[in-house]
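Coordinate inspection notes
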Amino acid sequence: MADITRKGLKLAAKNLAFLPVRVVLFGLEVLLRLMIIAVIVLVLALGGVGWYFYAVKSNQPMQIDPRFAKTLPPEGMTFREFWQDRFAGWEKIDERDYRTGKSKSKSHCAVTQLEIFPVAQILAPFLRVYVVRTQPGTEEAESWIRGMDGIIAPDNLNFLDAWWWQIENESWWYWVDNQAICKLPPPQRPVSASP
């Protein structure tokens, strides 16, 4: 059996005094590791959804609901073709405005649209579909629907497809039917893509 010494008692008392600090530090370390894992899982999930939207959905013909659209896309137009048409048009407007002196910037339309896109065309449709589906009939859900002139994805779609439907229809609404700045005519399919 070990002898009890004054030095040993002091060390035991010191260890006991620091025990709460060590427990808190251990808890913070575990929490930090869990948060890092959660962030990695979230980034991978968002990357997977982004890949699915980019590689699969954006190559399919656009599904614009005629109840909400003033004009409809040309038959077979994909989301990628739609954006190619919009950016080509905005670049022409930028070039024309810069050449004529109407704008001091060589890129005011395209840059403005890129600044608006992430919030208006990805986050807002996600929140709109999420709120309307999780809180149907509430005042908050109704305000999200009113905010987009009633454009809301059909209930028979799964969440990812509803989110994509909302992105396509809101993009069409913003960039074709209700353009506030850098107005363009309705989009045309590229000649090489036409059947």
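Figured I'd write up the structure that's included with this text. Just so we're clear, the structure is a prediction, and the values are computed from it rather than from any experiment.

1. Comments concerning a nonpolar patch on the surface
Nonpolar side chains collect at one region of the surface, where Phe 18, Val 21, Val 24, Leu 25, Leu 28, Leu 31 and Met 35 lie side by side and expose about 660 Å² of accessible area between them. In this structure, Val 24 sits in helix α1 (residues 6–56).

2. Let's talk about the pattern of salt bridges
Enumeration according to the criterion identifies eight salt bridges in this entry. For Arg 128, the salt bridge goes to Glu 170, with nearest N and O atoms at 2.5 Å. A residue pair is termed long-range when its members are at least 10 positions apart, and Arg 128 in helix α3 (residues 109–134) and Glu 170 in helix α5 (residues 159–177) qualify at 42 residues. As far as burial versus exposure is concerned, Arg 128 and Glu 170 are alike and both buried. Between Glu 139 and Arg 146 there is a salt bridge, with its nearest N and O atoms 2.8 Å apart.

Here is what the cut-offs are and how they apply
- Residues numbered from 1 in each chain as written.
- Predicted model: local features only at pLDDT ≥ 70, side-chain atom pairs only at ≥ 80, totals over all residues.
- Heavy atoms only, no water.
- Patch = residues over 30% accessible without salt bridge, like charges linked within 9 Å, V, L, I, M, F, W, Y side chains within 5 Å.
- Areas by Shrake-Rupley, 256 points an atom, 1.4 Å probe, with all protein chains shown as cover.
- Salt bridge = Lys/Arg side-chain N within 4 Å of Asp/Glu carboxyl O.
- Helix = DSSP H or I, 4+ residues; strand = E, 2+ residues; numbered from the N terminus.
- Buried < 20%, exposed > 50% of the residue type's maximum accessible area, 1.4 Å probe, protein only.

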